[in-house]
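# Topology and contacts: notes
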Amino acid sequence: MQYDVVVIGSGPGGYVGAIRCAQLGLKTAVIEKYKTFGGTCLNVGCIPSKALLDSSEHFHNAAHTFKTHGINLKDLAVDMPQMIARKDDVVAQNTAGIQYLFKKNKIDSFEGVGSFVDKNTIKITKDGKSETITAKHVVIASGSKPTALPFLPIDKKRIITSTEALNITEVPKQMIVIGGGVIGLELGSVYARLGTKVSVIEFMPSIIGTMDAGLGKELQRVLKKSLGMEFFMGHKVTGATTKGKKVTVTATNAKGEEVSFDADYCIVAVGRTAYTEGLGLENIGIKTEERGNKIPVNEHLETAVPGVYAIGDVIKGAMLAHKAEDEGIYVAERIAGQKPHINYNLIPGVVYTWPEVASVGYTEEQLKAQGVQYKAGSFPFKASGRAKASMDTDGFVKVLADAKTDEILGVHMIGPRAADMIAEAVVAMEFRASAEDIARICHAHPTYTEALKEAAMAATENRAIHI
Ligand SMILES: Cc1cc2nc3c(=O)[nH]c(=O)nc-3n(C[C@H](O)[C@H](O)[C@H](O)COP(=O)(O)OP(=O)(O)OC[C@H]3O[C@@H](n4cnc5c(N)ncnc54)[C@H](O)[C@@H]3O)c2cc1C
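Residues numbered from 1 in each chain as written. Predicted model: local features only at pLDDT ≥ 70, side-chain atom pairs only at ≥ 80, totals over all residues. Heavy atoms only, no water.

### Side note on the overall build of the protein
Spelled out, the test is: Working definition: helices are DSSP H or I runs of at least four residues, strands are E runs of at least two. Numbering for both runs from the N terminus. Contact definition: two residues touch when any of their heavy atoms are within 4.5 Å. Per-residue and other accessible areas were derived by the Shrake-Rupley procedure at a 1.4 Å probe size, with only the shown protein chains allowed to occlude residues. Asp and Glu are treated as the negative residues and Lys and Arg as the positive ones, with His and the ends of the chain left uncounted. A charge is said to be at NZ when it belongs to Lys, at CZ for Arg, at CG for Asp and at CD for Glu.
Of regular secondary structure, the protein possesses 14 helices and 22 strands. Taken over the C-alpha atoms alone, the protein extends approximately 65 × 60 × 45 Å along its principal axes. Pairs at least 24 residues apart make up 63% of the contacts formed inside the protein by residues separated by at least 6 positions. Accessible area for the protein stands at about 21,900 Å²; split by element, carbon and sulfur atoms hold 53% of it. Counting 53 positive and 52 negative side-chain charges, the protein places the averaged centre of each group 2 Å from the other.

### Thoughts on the packing of aromatic side chains
Worth spelling out the cut-off: Stacked, edge-to-face and tilted are the three classes for Phe, Tyr and Trp ring pairs, Trp counted by its six-membered ring, which pair at centre distances within 6.5 Å; planes under 30 degrees apart are stacked, over 60 edge-to-face, the rest tilted. Note on geometry: a ring has a charge over it if NZ (lysine) or CZ (arginine) is within 6 Å of the ring centre and within 35 degrees of the ring normal.
Under the definition given, this model contains three aromatic pairs. Centre to centre, the rings of Phe232 and Phe261 are 4.7 Å apart; their planes meet at 65 degrees, and the pair counts as edge-to-face. One end of the pair, Phe232, is in strand β11 (residues 230–232); the other, Phe261, is in strand β14 (residues 258–263), and 29 residues separate them in sequence. Looking at Arg158, its charged tip hangs above the ring of Tyr265, at a distance of 4.4 Å from the centre.

### Topic: the site of the ligand
Just so we agree on the cut-off: We call a residue near a molecule or strand whenever a single non-hydrogen atom of that residue lies within 4 Å of it. Any pair of nitrogen or oxygen atoms within 3.5 Å is treated as a polar contact; in protein, a donor-acceptor pairing is required on top of that, and neighbouring residues in sequence qualify only through side-chain atoms on both sides. For this classification, Asp, Glu, Lys and Arg are treated as charged, while Ala, Val, Leu, Ile, Met, Phe, Trp, Tyr, Cys and Pro are nonpolar and the rest, including Gly, are polar.
Neighbouring the ligand are 39 residues, the closest being Glu32, Thr40, Lys50, Gly114 and Ala321. The separation between an oxygen atom of the ligand and a polar side-chain atom of Thr40 is 2.6 Å. Within the contact set of the ligand, an oxygen atom lies 3.3 Å away from a backbone nitrogen or oxygen of Met319. Relative to its unbound accessible area of 990 Å², the ligand is 95% covered by the protein chains. Listing elements by their share of the shell around the ligand, those giving two or more residues are α1 (12–23), β2 (28–32), α2 (39–44), α3 (46–64), β4 (113–118) and α9 (321–335). Broken down by element, the residue count for the shell around the ligand peaks at four residues, all from α2. Class assignment of the residues belonging to the shell around the ligand gives a composition of 17 nonpolar, 17 polar and five charged.

### Things to note about the nonpolar core
Short version of the rule: Take the buried residues of types Ala, Val, Leu, Ile, Met, Phe, Trp, Tyr and Cys, join any two whose side-chain atoms come within 4.5 Å, and each joined set is a nonpolar core. Exposure categories follow from relative accessible area, calculated using a 1.4 Å probe and restricted to protein chains: below 20% of the type maximum is buried, above 50% is exposed, and the middle band is partly exposed.
In this structure, Phe102, Phe116, Ile133 and Ile140 are the most contacted members of the largest nonpolar core, which totals 53 residues. When residues of this core are assigned to their parent elements, the largest contribution, six residues, is made by α1. Membership of the second largest hydrophobic core comes to 37 residues, among which are Ile168, Val190, Tyr191 and Val351.

### What to know about the pattern of salt bridges
In plain terms, the rule: Salt bridge, as used here, is a side-chain nitrogen of Lys or Arg placed within 4 Å of a carboxyl oxygen of Asp or Glu.
Counted according to the given criterion, the structure contains 23 salt bridges. Note that Lys398 is salt-bridged to Asp212, the shortest N-O span being 2.6 Å. Here Asp212 lies in the loop between β10 (197–201) and α8 (213–227) and Lys398 lies in strand β21 (residues 396–402), a separation of 186 residues in the sequence. For Asp212, a relative accessible area of 1% corresponds to the buried category. Across the pair Arg221 and Asp394 runs a salt bridge whose closest N-O atoms are separated by 3.2 Å. Pair noted here: Arg221 is in helix α8 and Asp394 is in the loop between α11 (385–390) and β21, with a separation of 173 residues, a long-range link. Taken together, the shared-partner salt bridges in this structure form one network comprising Lys35, Glu111, Lys126 and Asp127.

### Regarding the domain arrangement of the protein
Short version of the rule: Just so you know, the domain bounds were taken from an automatic or database domain assignment. Here the quantity called buried area is the total loss of accessible area, with a 1.4 Å probe, experienced by two parts when brought into contact, counted for both.
Under the domain assignment used here, the protein contains domain 1 (2–145 + 273–344), domain 2 (159–270) and domain 3 (355–459). Computed over C-alpha atoms only, the centres of domain 1 and domain 3 are separated by 31 Å. Counting residues at the interface gives four residues for domain 1, matched by four residues for domain 3. A buried area of about 270 Å², summed over both sides, lies between domain 1 and domain 3, and 64% of it is on carbon and sulfur atoms. Area buried by domain 1 at its contact with domain 3 is led by Thr68, His69 and Asn343, which between them contribute 84% of it. Seen at the junction of domain 1 and domain 3, the total is zero salt bridges. The tally of links from domain 1 across to domain 3 stands at zero residue pairs in polar contact (both at pLDDT 80 or more). Its residues assigned to classes, the side of domain 1 that touches domain 3 shows no nonpolar, four polar and no charged.

### Some remarks on the sheet that holds β21
Defined as follows: Strands are treated as partners if at least two bridges between them are detected by DSSP. Axis lines are fitted through C-alpha atoms, for helices just across the contact stretch, and the angle between N-to-C directions can take any value from 0 to 180 degrees.
Pairing is antiparallel in the open sheet, where five strands are placed in the order β18-β19-β22-β21-β20. Since the sheet does not close on itself, it has two edges, and those belong to β18 (349–351) and β20 (374–380), each with one partner. Within this sheet the neighbouring strands show an average axis-to-axis angle of 10 degrees, counted without direction. Looking at chain direction, strand β19 (residues 356–361) and strand β22 (residues 408–415) are connected through six bridges and run antiparallel.

### A word on the pairing of β4
Inspection of the sheet shows β4 paired to strand β5 (residues 121–126) by five bridges, in the antiparallel sense. Bridge assignment links Ser115 to a residue of β5, and that residue is Lys123. Connecting β4 to the next strand, β5, in antiparallel fashion are two residues.

### Focus on the environment of Gly385
In this fold, Gly385 is placed in helix α11. Between the C-alpha atoms of Gly385 and His466, which are 81 residues apart in sequence, the distance is 9.7 Å.

### Topic: the sheet that holds strand β12 (residues 236–243)
Spatial ordering of the open sheet is given by β12-β13-β14, a layout of three strands whose pairing is antiparallel. Either end of the sheet is taken by a strand with one partner, and the two such strands are β12 and β14. On average, each strand axis in the sheet is inclined to that of its neighbour by 20 degrees, with strand direction left out of account. Where β12 meets strand β13 (residues 246–252), seven bridges bridge the pair, whose relative direction is antiparallel.

What follows is the structure, encoded as structure tokens:
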């Protein structure tokens, strides 16, 4: 079969790219090695983790905040198998949705491992049988897999990755999370909310280290206060052993002393590595980068081989579903002869802990390093009427604006529904709004979004009203 475009991988990069190709009239096929579509995001990433985060947050609130709201519950208990079953159902609904969308858009799908024979010919192998299809253009959207530490073998039973952490059918007493990044903190939160004693071991001095420093500091404080999570910063993990149902993790602390931690489970969440196994890149002369195994692409996301593109986690940049999606659309439109654009500086980053953390644009640290003159305005949620009503008073919104022009350069927030609120900042920055623009736009009362308006007012001649 001859296609205009063949996409390898059906994650958010691949499936969105394929749908956009089909919309543009290109005959499109997708190859996926797993039974279900949706890649990491839908099957073992964004969607299942958010399903468990929502369930565990309900339990935590029922146990800790309902009483203050005047709601008394008796015999509150976690039904872990049901929580996991609901999560599986949410995943199934989403992956079935992709199947429906492929059908609707007349996209052919093939189950099996896609591998380059040459730049226009792809071999699809499943259960020892293979067939080949040809394409004018190929989009590699093969994603990523959890990074393993060479000295710490993952047994998938007690020493696990995020994938296994989504399927634990008991509430562990103790859990160690190696890595204070987004995935580790989200999954650690799930279990801490259910009553597990969670210890986070992190090599760097702060958690969520790539985000504005103020966010990590506040998140660490709140997770410690509200969930009893413990943080061991500046600790270099040196190994882990299992004995029966117990794990012992060893590390060197900031003073150079050997320390050890015991738990029922240890989640290794030290990042993700681009996944290129089985693609047969060597057959078309593509070499991956030594660090991170990423496929090199030019500014149009085309590899060194003309007509072969790569998108999402398998290339440089943030490993985020919405970045992969936008790249899928970008490549489809390039192939169709259009001139799309992606503003990589305005891809929001979100952490779905509670409070949520969200960020877009430059951090204060980046602006300082670049010598940019900026002004900052902050507003704490403890001064928000809406946040008081919902008892979500931790966190703040910070707006960074150019000292001379007032153009917004970065927005960083930690607080209730920050994941949704960041969209306003992204829109404002796409249109190169000033802090005063946001300050003068009417925001409904009472809403959490008023905190963004107040922070913008604080950045504009320090004229916030409620602080
Ligand atoms: C626990 C967790 C939570 C996350 N939460 C979020 C979140 O809240 N928000 C967010 O933006 N991001 C989140 N992410 C990251 C997000 O999942 C990824 O950034 C996103 O899935 C990348 O999309 P992709 O299309 O590049 O690749 P993937 O989603 O990894 O999909 C790649 C697909 O390609 C297939 N494939 C690979 N090689 C072949 C081959 N040779 N032949 C056929 N098929 C192949 C794979 O089987 C896979 O299905 C999370 C990740 C994890 C692990």
